[in-house]
Structure formats: structure tokens, C-alpha cells
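Remarks on the overall topology
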Amino acid sequence: MALQGRRILLIIAGGIAAYKSLDLIRRLRERGASVRVVMTQGAQRFITPLSAASLSGDTVYTDLFSLTEESEMGHLRLAGEADLVVVAPATADLLAKMAAGLADDLAATALLATDKPILIAPAMNTRMWRNAATQANLALLESRGMRRVGPNAGPLAEGESGPGRMAEPLEIVAAIEQMLGGGVLAGRRALVTSGPTFEPIDPVRFIANRSSGKQGHAIAAALAGLGAETVLVSGPTAEPDPPGVRVVHVESAREMLAACEKALPADVAVCAAAVADWRAEAAPQKLKKKNGPPPALKLVENPDILASLSKPGNRRPRLVVGFAAETEKLIEHAREKRAKKGCDWIVANDVSAAAGTFGGDANTVHLIDAGGVEDWPPLSKREVAARLADRIARFLERKAAE
Ligand code: C5P
């Protein structure tokens, strides 16, 4: 188990996202970590110490001045006896206290007293998040070496939308595993393709598509977060290079295939790129507008990267995952695609205009393997990535045990 024997001090502050921290406790313990919980007064308005204690299997600490708590576990020991301190949700108020070095309750005191690495998972209303005070506090905390996961953008509890949602428990787990080293995918190699391809027509024009690269980049980040040595082969996108990932920038499908082959061997390959099926026979010079009929484009077929990586042989990754972006008959077409390309899993997603998947942050997907179809609820692309990375890790763990 990835976090076997690791000790986490989880500080839960007062925000609606506190309920997700209960799931976080469960996920950490499943992975072998011991979790000691501190709750602020505010947190106790949202969830009870009893719920946290039931899940952590340990006393929950709430009071700086409690004689019993202090005699059992002083706040200094509480801070010192962890391998990592996680603040989730980290409210704007607690971030401000941390930045200012205040110690007016147990949570703030433990944070001031610890010399262990700290991971914060901010959660707050989008206007509080964007406020210059919060951003300045955050910049200060990050300059002191604190690590952050999230917040994600999406619908917030108050009916508004924007950045402020706490990262999902699995994303926080991945960040914890990355910080403590030895994530579940440590020692594994992952290859991910992402973005569109640009196929030249002449030296200045090209054929492209609407892929944003958001999903593929998020998958590479999630796999790296679990400790995999990750190569991301990306077509041109506006997405920043994910931290901890080796990114190879390419333009055309043929360049993408060559970069993928160079990145092998890999334990897992995830092909999320929207590779152009055809390329034009590119003109060596810029096509000139002349009187008469417009030039005809002669298209030739591009290599299929997914099919090529799926070919049996000793360089085939143990797990090959493809995407099927469909606008109709989603599952049927995705199943056919899985068989035709020879990959192990297909992540099927609806890219009809109504679904808003292309360029958007959300994705509703179905995971298709040899056993059948699993429908996932609507999730952000980052959440899809975290789930998929978790599934990949569990698959490879099972294979290694066979
Ligand atoms: O055939 P289609 O493009 O719908 O298949 C989608 C899947 O195949 C995606 O995983 C995509 O990354 C991959 N693909 C590829 N090379 C191509 C075409 C698609 O890797 N030339």
C-alpha cells in the first residue's frame, strides 16, 4: 500500500467542503496511512468530530486549552509526530492566519509549531479566492515552501461558479503521495498523448481540430502525481506544461507517433490526443491565389498512434487506453473502436455540441474494458484524470501481483 505507515495530520477548517475531508480520511486509511485529525470551531459547524473520529479511528483534536487533550497529546507533539500536515479545506481565514503566523486556536498553533511539510487544499467562494489579500497570503505561503492542490473551477455551494472548489479527495491523495515520495506508480513509466495535431497544407496553412488538450494534460499530471515517470507528447495547445512531467511538443501526427515510439517502453499509454485522421500532401511553397478554381486538397491517411501502440509485441505497454470522442451512438461506436484498435480500455465521451466537452472543463465519460461499460458521473476533466490514474494504478498493481 502506497502510504503504508505514513502519518498524516489532517487539519479540517470550516467550509462546506469539510464533508469531502471525511472521504479523504477514508481514502488515506485505505492506502495504509494513519490519520490524526484537528478540527477548527468552524469545521465543527459542518461535520462532527465523531464522524471524523469514526473514520480515522483516533481521537479528534479540537481545543488548544483542553486539559485532557493536552495531557494525552500536546499541540507540539501533534505537530511533530506527522510526516505531513494537510490542511483540507484550507479556508481564506486559516490561510490568512498561517501567513500572519497567528496561533489563536489548535489548528493555527499546530501549523505554526510544525516543521513538517504542509499541503493546503484551499476551498472558498470565488470572490474570496480572487481577493488580493487571499492571493498575497497564498503567494507568501508558497514562497515558504507550502504546497497546494486546487482549488478547482466549477459550481460552488452558493450557486455561483468559478475557482474555489476544493480539490477532490483522490487529487489530494495524489498530491500527498507525490510529496511523500513512493506514490503507487513510483517506478512505472507512463506515456500520454494530448491536444490536436496540425497537418500542414503549405508552409503557412494547416488543418487542425478543436481539441484543447485539457483532458490529456490533466491525465499526465495525475499519473505524475501518483509517482509515474511521465512523458506527455502534446500537439499545439494553450495548456501549460504540467509540473513533474516531461513534455515533448509536436505538431503533426507523424511527429507524434515518432515521439511516442521514442518514449517507449512504458507500462501504460493513454492516447487522449485528437489526432487528425488525414493529412494533406503539403505544398513546398505557399499556395497562391490565382484566377480559376481553388486548389484541391489531396488527403492521405495518417498513422493511427493508438492502434500502433496496441500492436502485440514486447514493446506494447501492459495497458493501452484510448479515447472515443463521439457525437452519436457513443457506446456502440466506442466498443467497435476498442476492438478495431486493439487497446485495452476506451474512455468514451460525448463531444456533441450540447455536451460542451470540447474546450470545456467538464466531461461525462464511460469506461469500457473487456468486462463491460462503467458509467461515470459528470466530472471535471481533472476529476476524470484523477479517477483514471487511480484505476490505472490499481490495474498495474494487480498485474504485478499475478
Ligand atoms: O479513430 P478515432 O480518432 O475516433 O479514435 C480515437 C482514439 O484513437 C483516441 O484515443 C486517439 O488518441 C487515437 N488516435 C490515434 N491516432 C490516430 C487517430 C486516433 O492515436 N491517427
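Residues numbered from 1 in each chain as written. Predicted model: local features only at pLDDT ≥ 70, side-chain atom pairs only at ≥ 80, totals over all residues. Heavy atoms only, no water.

Brief notes about the site of the ligand
Where we set the bar: Near, as used in this document, describes a residue that has one of its heavy atoms within 4 Å of the molecule or strand being considered. Here a polar contact means two N or O atoms within 3.5 Å. Within protein one must be a hydrogen donor candidate and the other an acceptor candidate, and residues neighboring in sequence count only if both atoms are side-chain atoms. To be clear on the numbers: accessible area is Shrake-Rupley with a 1.4 Å probe, and residue cover counts the displayed protein chains and nothing else.
Around the ligand sit Cys 271, Ala 273, Val 275, Asp 277, Pro 303, Asp 304, Ile 305, Leu 306, Gly 322, Phe 323, Lys 337 and Lys 341, and that is every residue in its neighbourhood. Backbone polar atom of Pro 303 to a nitrogen atom of the ligand: 2.8 Å apart, as the coordinates give it. Between the ligand and the protein, one listed contact pairs an oxygen atom with a backbone N or O atom of Phe 323 at 2.7 Å. Starting from 440 Å² of accessible surface for the ligand in isolation, the protein chains cover 88%.

Considerations on the packing of helix H6 (residues 92-100) against helix H9 (residues 132-143)
Let me state the cut-off plainly: Axis lines are fitted to C-alpha atoms, over the contacting stretch for helices. Their N-to-C directions set the angle, which ranges from 0 to 180 degrees. Segments assigned H or I by DSSP are reported as helices when at least four residues long, segments assigned E as strands when at least two residues long, and all are numbered from the N terminus. Small angles under 35 degrees read as roughly parallel and large ones over 145 as roughly antiparallel, with 65 to 115 read as roughly perpendicular and the rest as oblique. It is the rotation of the near helix from the far one that decides the hand of a crossing: anticlockwise by less than a right angle makes it left-handed, clockwise makes it right-handed. Contacts were defined at the residue level, with two residues in contact if any of their heavy atoms lie within 4.5 Å.
Where H6 meets H9, the axes come as close as 9 Å, and the angle between the chain directions of the two elements is 50°. Classified by the angle between their axes, H6 and H9 sit oblique to one another. Here H6 and H9 pass one another in a crossing that is left-handed. From H6, Ala 92, Leu 95, Ala 96, Met 98 and Ala 99 reach across to H9, where they touch Thr 134, Asn 137, Leu 138, Leu 140 and Leu 141.

Things to note about the domain arrangement of the chain
Size of an interface, as often reported, equals the accessible area lost when the parts are brought together. Just so we agree on the cut-off: Where each domain begins and ends is defined by an automated method or by a domain database. A simple way to read buried area is as the amount of 1.4 Å-probe accessible surface that goes missing from two parts once joined, with both sides added. Salt-bridge detection follows one rule: a side-chain nitrogen of Lys or Arg within 4 Å of a carboxyl oxygen of Asp or Glu. In this classification, Asp, Glu, Lys and Arg are treated as charged, Ala, Val, Leu, Ile, Met, Phe, Trp, Tyr, Cys and Pro as nonpolar, and every other residue, Gly included, as polar.
According to the domain assignment, the chain consists of domain 1 (7-180) and domain 2 (189-401). Its C-alpha centre places domain 1 at a distance of 35 Å from the equivalent point of domain 2. Between domain 1 and domain 2, the residue contacts involve 10 residues of the former and 8 residues of the latter. It is Leu 170, Glu 171 and Gln 178 in domain 1 that bury the most area against domain 2; as a group they hold 44% of the surface buried on that side. Where domain 1 meets domain 2, there are 3 salt bridges. Where Asp 390 meets Arg 31, a salt bridge forms, and the shortest distance between an N and an O atom there is 2.9 Å. At the surface where domain 1 touches domain 2, the tally comes to 4 residue pairs in polar contact (both at pLDDT 80 or more). The dominant element in the side of domain 1 that touches domain 2, judged by the number of residues it contributes, is helix H10 (residues 169-180), at 5 residues. Residue composition of the side of domain 1 that touches domain 2, by class: 2 nonpolar, 3 polar and 5 charged.

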